[in-house]
Amino acid sequence: MPSKVLILLAHPALQRSRVNRALVRAVTELQGVTLHDLYETYPDFMIDVEHEQSLLLDHDIIVFQHPFYWYSAPALVKEWLDLVLEHGFAYGREGTALRGKAMMSAISTGGGEDAYHEAGMNRYSITELLRPFEQTARLCGMEWLPHFAVHGTHSMDIGSIQSGADDYRILVTALTDRMSRDAQRAMNEAQIIPLRPAEA
Amino acid sequence: MAQVSFLLMAFVYLAVAVISVPIAKRLGLGSVLGYLIGGVLIGPFGASLVGDQTDVMHFAEFGVVMMLFLVGLELRPQFLWQLRKPILGLGSAQLIGTTAVLAGTGIALGFDWRIALAAGIILAMSSTAIVLQTLAEKNLMKTPVGQASFSVLLFQDIAVIPLLAFLPLLAFGVPHGDAGGHGAAAHAGWIDAVPGWAYPLVVIGAVASIILAGRLALRPVFRYIASARLREMFTAFGLLIVVGIAVLMQAVGLSPALGTFLAGVVLAESEFRHELESDIEPFKGLLMGLFFISVGAGIDFALLAHSPGLIAALVFGVVAVKAGVLFILSRVFRFSLSEGILFALALSQVGEFAFVLIAFALQNAVLPADIANPLVAAVALSMLTTPLLLIAYDKRIAPRLVTPEPEREPDDIQADGTAIIAGFGRFGQVAGRLLLANGFRVTVLDHDADHVEGVRAYGFKVYFGDASRVDLLKAAGAAEAKILIIAVDEHEKMMEIAEAAKKHFPQLKLLSRAYDRVKAFELMKLDVDVVKRETFGSALEIGVEALKAMGFRAYQAERAGRLFRKHDEAAVVIPEEYWDDEEGYLRVFRQKTEALERVLQADLARPPDEGADAAWDTQTLVAEVRAAKPGARR
């Protein structure tokens, strides 16, 4: 059974972001992918918690796609985390709704990749800077997947934007092909060797 | 035929138009061909329901005058100035080139040079009526081909004036009788008494008076008429302008079409343009139709049967020469191949001016009757060829030559286009200013001249008129606009506008104000995309301010307000099963109170901090932590 991917897109000025628009275009038609534009849905920050939670339940892999503002996400993503990942739903003794699902960050950064390095301007790697997201996933019992990043968006030509978008499409397509963890476990227990969807 | 009453004549013409044009349109032939064929069917060589077409045609030619007035209304003076190069360059090249080739062919065939030249000039004219009608129907008027075609036609219109003075010089015999017919020198009268040196002054005076009257006098006159609050007065005034200018132009010996065109251009920037346009449009349409029918009925099939070879050769030869010259010009003026072919075919017929000029030439003994009659038949038949040639172009040529425009990236944000605002009082102005401040084009419709006074200076396109009229919406660009904001005061008017827009301009996104929740729901039932109760927003803001004044923290009050809005707006929608109940004040009233009660009860039932904000105050988490620690205080 292929995985269902929920992309939570957060860009407060998508109209100005060539890169994020290209990324959106790259995945918008993919089978098994739901693109959820948070700033378009909640311009007044009135997040519909019930709706968001039911979306989470319907999907296996949650991708946060946003620009990497101040080593973090735009404000609405924080609001979303605060309100949607409720105690008793996402964490806590009875908060098991997200267990076995996976979470991932897909970010765009203005600086180049080499700036995110011990010797670079930003001193830490992206992996380190994303720790709060990683720990959020872990507290919810979710698997934390390696991030996807498009670097150097300040000085990017159409060609490299397109190749970044192509990479993103390949990655998200691969995610949809990924077996959900529950299914994997069930199959392991039943001693079934899973088939790749292409072979199935 | 003289005994046939006027009403019966009108019945025949209207009936044939109503029957033949829709059929022609459905078959993809266009309205012009429909009228022409309809004319043939009722003409002397068809059912013989109508007789001599000369009088009808003179009457119907006034449709061309009206059409040029409308064309003028669409053209701003700056735009006309931009067209000066194609008008003078392309226009003169077409007229001189075509005349030269046709006259040269005539001389080569052994005609007297004067006859050949006169015929060449006459046949070089194209049909304003057919070309503009056809191009407008195909939505090509704003394209380069449309503009080039229009430029050529406009130059021909201007050229008719000196040509009417020039043609009699080519006379080979003694002129007989007064020149009759279409405009220009025809009804000169007193103008002959004016000494030669003063004539240019008279002409300049007439033109200047049109411009001055259009700029200065129209606005107060329009306001005066508006005060009568009678629709037909606007129509009468519109017609009065067109007829008045035509009379003035004839009195000074200029082309009425040219005069009304000029008046149209002068009025193109006025906010009353709209109203004039929609008032004149139906008259123009009917007269143009009548004109085409009379052309069709006037085709002399007896002559055609008598010498089919001659007429066919004449039609084919003239159309080929005209199209050829136009095509060469299109290459010189750097059109693409497909544009060039379209341009050449569109203008390849001989126009209605030719009828006038042939009659004029006949009377002035420039052309002998045995040449004039086949020419008239050829002219009428050439008009029949254009719609057919353009169908051939659409079906056979265009698909091969026109490369489809590259598609836009599908999901790119397209923030452009025009917004129309119906009603520009206190409500519409706020919405309009926001749009304008963000760089959008805003067209405003209002029937109160006081509302629209002065706002044009800020960059709004302003039109005077009743926004529920489809023709007015159309003239305001509703077919191309992106959104329509319905911001008039009266609910009934909003419903009318919404219905009209849904029906005729389905691409428009509709946003409407509404008096209250019941009226809002009625608008929603019409599928209006966005409905906002007109006092709700500001009342809610006052409520939020009141919460703050009562001691809420600002963000708490703000969130409470937003939450209230969400629930209240959801409560506007009434379940579909209640839609079809019998109407009536009582029911509406009951609904209204019930709906309000529902909202209030829902508010009471919901604790203030419940819902979206729960995660900020995690009582459950606190409880869980305390339970996990034995001895912790409860």
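Everything quoted here is computed from the prediction, not taken from an experiment.

1. Quick word on the overall build of chain B
So, step 1. From N to C terminus, chain B includes 27 helices and 6 strands.
So, step 2. Counting over 634 residues, chain B shows a buried share of 47%.
So, step 3. A fraction of 74% describes how many contacts in chain B between residues 6 or more apart in sequence connect residues 24 or more apart.
So, step 4. Taken as a whole, chain B presents about 31,900 Å² of accessible surface, with 64% of it coming from carbon and sulfur.

2. Considering helix H7 (residues 158-177) of chain A
Residue and element names in this part refer to chain A.
So, step 1. The end-to-end C-alpha distance of H7, which contains 20 residues, comes to 29 Å, matching closely the 28 Å that a straight helix rising 1.5 Å per residue would cover.
So, step 2. Those residues of H7 lying buried are Ile161, Gly164, Ala165, Tyr168, Val172, Leu175 and Thr176. For H7, the angular spread of buried residues about the axis comes to 115 degrees, placing them on one side.
So, step 3. Turning to H7, the residues buried within the fold contact strand E1 (5-9), helix H1 (18-27), strand E2 (33-37), strand E3 (61-67), strand E4 (102-108) and strand E6 (148-150).

3. Brief notes about the sheet that holds strand E1 (residues 418-422) of chain B
All names here are of chain B.
So, step 1. Sheet architecture is open: 6 strands sit in the order E3-E2-E1-E4-E5-E6, paired in parallel fashion. Every other strand in the sheet has two partners, leaving strand E3 (461-464) and strand E6 (530-533) as the edge strands with one partner each. Pairs of neighbouring strands in the sheet enclose a mean axial angle of 15 degrees, with direction left out of account.
So, step 2. Of the strand pairs in this sheet, strand E5 (residues 509-514) and E6 are connected by 4 bridges, and their pairing is parallel. Within E6, the residue paired with Leu511 across the bridge is Val530.
So, step 3. Lying over the sheet, helix H19 (residues 426-437) contacts E1, strand E2 (441-446), strand E4 (483-486) and E5, oriented at roughly 170 degrees with respect to E1.

4. Some details on the pairing of E1 of chain A
Within a regular strand, side chains alternate between the sheet's two faces.
Residue and element names in this part refer to chain A.
So, step 1. In terms of residue burial, E1 counts as a mostly covered element, since 5 of its 5 residues are buried.
So, step 2. The sheet contact formed by E1 and E2 spans 5 bridges and is parallel. Of the residues in E2, the one forming a bridge with Leu8 is His36.
So, step 3. Chirality of the crossover, the property in question, places the unit of E1, H1 and E2 among those that are right-handed.
So, step 4. Alignment of E1 against E3, held across 5 bridges, turns out to be parallel. Bridge assignment links Val5 to a residue of E3, and that residue is Ile61.

5. Comments concerning the packing of helix H4 (residues 62-74) of chain B against helix H11 (residues 231-251) of chain B
Residue and element names in this part refer to chain B.
So, step 1. Packing of H4 against H11 leaves a shortest axis separation of 11 Å and a crossing angle of 110 degrees. Comparing the axis directions of H4 and H11 gives the class roughly perpendicular. Pair H4 / H11 crosses with right-handed handedness. Contacts from Phe62, Val65, Met66 and Phe69 of H4 reach H11 at Leu239, Ile241, Val242, Val243 and Ala246.
So, step 2. For the contact of H4 with H11, the per-class residue count stands at 9 nonpolar, no polar and no charged.

What counts, and where the lines are drawn
- Residues numbered from 1 in each chain as written.
- Chains lettered and ligands numbered in written order.
- Predicted model: local features only at pLDDT ≥ 70, side-chain atom pairs only at ≥ 80, totals over all residues.
- Heavy atoms only, no water.
- Helix = DSSP H or I, 4+ residues; strand = E, 2+ residues; numbered from the N terminus.
- Buried < 20%, exposed > 50% of the residue type's maximum accessible area, 1.4 Å probe, protein only.
- Contact = heavy atoms within 4.5 Å.
- Areas by Shrake-Rupley, 256 points an atom, 1.4 Å probe, with all protein chains shown as cover.
- Expected span 1.5 Å × (residues − 1).
- Arc of directions from axis to C-beta.
- Pairing = 2+ DSSP bridges.
- Axes fitted to C-alpha atoms, helices over the stretch in contact; angles between N-to-C directions.
- Right-handed = clockwise from strand over helix to strand, strands pointing away.
- Parallel < 35°, antiparallel > 145°, perpendicular 65-115°, else oblique.
- Left-handed = near helix turned anticlockwise from the far one by under 90°.
- Nonpolar A, V, L, I, M, F, W, Y, C, P; charged D, E, K, R; others polar.

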